[in-house]
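Remarks on the overall topology
Okay, here's what each chain looks like letter by letter:
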Amino acid sequence: MKWNHFKSKLLLKYTLSYISIFLIPLVILTIIIYHNAVDTLRSEIEQTNVNQLTQAKTVIDDRMKELQDIAFRIAYDEQLTRYWTHHPYYSRESIGALVKYKATSSIIDELFLFFRGDDSIYSSQGSENLDVFTGRYKFNTWNKTDMIRDLNNVQFPTIRPAEQVVQGTKIPNSMLAYLVPIAPNNTPAHGTVMYLIHESNLTGLIDSILSDYHGMTYIFDNYGQVLAANYKGEIITDQEVSALFALEPGTHSISLNQEPHSVVSVKSDAGWTYVTAMPSNQFFSRIVHIRTFIILVFSFMVVMGTFLAIMLARRQYHPISDLMEFIRLKNDPDTSSTTNELEWIKKTLHDYSQRVDLQEPYARNHILLMLLKYGHTGDFPSEFTDKLGIRFNRSHYFVMIMGWEMHAFPIVDNDNAVQITIMQLMNDVELSELSAYAYGVELPQADQLALIVGFDAEIGHEGSLNNRMEPIIEKLQGMVTEHTGVAPAIGIGNRYSYPEQLNQSYIEASTALEASMLHGQGSSTFFNALSGSSAQDASFWVPKDVLLKLVQSLKQGSYDVAVQMVSTALNNLKAEMPSVPLLRCICFDILNTMLKTASELGIHHVVNQLPRITSYDSLEDLEKKLTGLAAEICAHVEAKSETEESSLMDEIVAYIDANFSNYDLSLGTISSQFTISSSYFSRSFKEKIGMNFTQYIWQKRMDEVIRLLLHTTDPLKDIITRVGYLDTPNFIRKFKKETGYTPGQYRKMHRPNGSPDSPEDDDEECIG
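Throughout what follows, the structure given in this document is the object of discussion. (Residues numbered from 1 in each chain as written. Predicted model: local features only at pLDDT ≥ 70, side-chain atom pairs only at ≥ 80, totals over all residues. Heavy atoms only, no water.)

1. Remarks on the overall build of the protein chain
Secondary structure summary: the protein chain contains 28 helices and 18 strands in total. Expressed as a percentage of its 768 residues, the buried residues of the protein chain come to 44%. Taking contacts inside the protein chain between residues at least 6 apart in sequence as the whole, the part at least 24 apart equals 62%. Summed over its atoms, the accessible surface of the protein chain is roughly 39700 Å², and 55% of this surface lies on carbon and sulfur atoms. (Helix = DSSP H or I, 4+ residues; strand = E, 2+ residues; numbered from the N terminus. Buried < 20%, exposed > 50% of the residue type's maximum accessible area, 1.4 Å probe, protein only. Contact = heavy atoms within 4.5 Å. Areas by Shrake-Rupley, 256 points an atom, 1.4 Å probe, with all protein chains shown as cover.)

2. Some points on helix 6 (residues 238-246)
What helix 6 keeps buried is the set Glu240, Val241 and Leu244. The buried residues of helix 6 all sit within an arc of 105 degrees when viewed along its axis, so they share a single face. Turned more than 90 degrees away from the buried face of helix 6, the exposed residues are Asp238, Gln239 and Ala246. Its buried side turned inward, helix 6 meets strand 8 (216-220), strand 9 (226-230), strand 10 (250-256), strand 11 (259-267) and strand 12 (273-279). (Arc of directions from axis to C-beta.)

3. Some thoughts on the sheet that holds strand 11
With antiparallel pairing, the five strands of this open sheet are ordered in space as 9-8-12-11-10. This sheet does not close on itself; its edge strands, each paired only once, are strand 9 and strand 10. Pairs of neighbouring strands in the sheet enclose a mean axial angle of 20 degrees, with direction left out of account. Across four bridges, the pairing between strand 8 and strand 9 is antiparallel. Along strand 9, the bridge assignment pairs Ile219 with Ala228. (Pairing = 2+ DSSP bridges. Axes fitted to C-alpha atoms, helices over the stretch in contact; angles between N-to-C directions.)

4. Notes on the packing of aromatic side chains
Enumeration according to the criterion identifies 20 aromatic pairs in this entry. With centroids separated by 5.8 Å and ring planes inclined at 85 degrees, the aromatic side chains of Phe112 and Tyr137 adopt a geometry described as edge-to-face. Of this pair, Phe112 sits in strand 1 (residues 108-115) while Tyr137 sits in the loop between strand 3 (126-129) and strand 4 (138-139), and the two are 25 residues apart along the sequence. By relative accessible area, which is 4% here, Tyr137 ends up buried. (Phe/Tyr/Trp six-rings, centres within 6.5 Å; stacked < 30°, edge-to-face > 60°.)

5. Quick look at helix 3 (residues 91-103)
With 13 residues, helix 3 ought to run about 18 Å at 1.5 Å a step, and its terminal C-alpha atoms sit 19 Å apart, in line with that. Within helix 3 the residues assigned to the buried category are Ser94, Ile95, Ala97, Leu98 and Tyr101. Axial view of helix 3: buried residues confined to an arc of 155 degrees, hence all on one face. Exposed and facing more than 90 degrees away from the buried side of helix 3 are Arg92, Lys100 and Ala103. (Expected span 1.5 Å × (residues − 1).)

Below, the structure written as structure tokens:
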């Protein structure tokens, strides 16, 4: 603002003084209120974590007791005596009994029964030699000799910490081995039951109960050994791990890996210790609603205080000749057209509203995608693209498309994290050392990313442009490979001097990518390398690259490029002036190419137009008919694409409606399930449904909870868990915020007269 435009500079000074007098106590008061609110919420969240971890501890302890009970039943099962298992006829029944015992526990990966002194062991797979532990199951540190000794000598239930186990040719898994001696009727132990348990089965139970918790999880035995752990990408030292085990039960604030963490520790009756450690910065992300509320109140008070300060200043210094000078933008060329402060406020609010409501990533990607498909950005003015940071100020442009084979990324990438990382990395890349930049364009396919690359070439060096392109491509490919560990296949289109020609480069890059994917990950293919030598092209009269672009443009539904390729092909024929019979053969070659592409796309009805298309009097007439055929094929492709997108969204909505009660249902899992990018799915879902994915899931679960409350007498905890929520107190708070009542109050209000009360309608019991 141009403060020096005030006619009274003293008025400005006094106005700022009044504002300062108001703001200083307000800021202090706001900070105190904010810290008190944060401390209260932190205490509540930590207590919730303690309760949830205690619940997880109880569940895991129960699972381990189940394993001891199974071993006890095995000890007294006559089908699993040494006689039956060794009998050539009854051994099958023994194996069947082991299969049944294995099925009784959800955490068992494999169950083994060993009779001490034997050279064989029994499992759900049958009788096996002890070499199974050097073949099908190979432990990292537990060798065969030590294992046989432990199986023969273990006197009490013993569990080994998780370690890497190679299962045949499969990827190694982290497993725990739990050995339980069996001794029926208090006789000396004659055998051992060994359970193999995936580490993720234990940590997964904790994660499922902790719901939206994001941090490290540890399970220690009585001696401080880490039985199972889920590091969530964090790495801490052995000394810090030992410090976690030494903590007293309860909540603690300690520093791990030089970063503050909120730690919760509980101990079980068996002596095991359960510990969770969450970075404090993740905690602060959970208090956004309090921060937002306080900011809104603070902003409101600031606005009101500023208004009162100005009113006091005006009354103190009367009159102020022109308030417009007080609120005029500094060095704004448009301020001269503003007649009063209200117009300036209106303009400011309008600009602010545009910036707030603008979905910049979506709009940016949409504009760049239009440029790739149609060679223009539609009705968007250049000022709009400038606000999005899209500028084309280089001498040459080309398109490159990166592609990955399905399942190229690690299995742990269940939420499309790698694809999101790639898009963030390549969104806007400046290669100053190469005088180039690149804009990333997210494509509907989850395994592809387009890049619009612009670069400068010195005048007189146009012949070495390919040499200028190659280091740019290598640099971009190297950046992606470094961050993902997977080298993409790349298709590169030809370079052009104008951004309006990028749709042709996009078609060329798509064609080149198809060829590049055939050569595997890490390969790069230039489109001009697919067209062959000029001698080969001359033998066919129509250049190969023209036919390739024609085919790809039809597949993409790009009418403009298809028409241009038809025109280019026929113009080449006009220049060559072949004989009439040869001309007809070549024209039929173009037509056959289009008909073959239409057939591959499932557009078979265009064959019926063959008599009409083949009856032409001149090349101009043929061009008109081929252009019409291209228009029909492209229109069909566009319509089919829209139909498939709508059908896909219908399928996804149906899938969500059928699985909304799954607690692990997320944007990433659905994107992986249907092989689309998560951001593309998020935008398409909101366009179709009118609300975002999270809101839709919440509404579906709310509707189901209300239905169960009104039509069943099931306990509240069972209902809330059944719809996919494991944190009952948190759900009750959200339910009350949504309806104004707790679930128990809602059920009582809407219960028909005379209906019996549910045994667990008390919300306080659920919260406690």
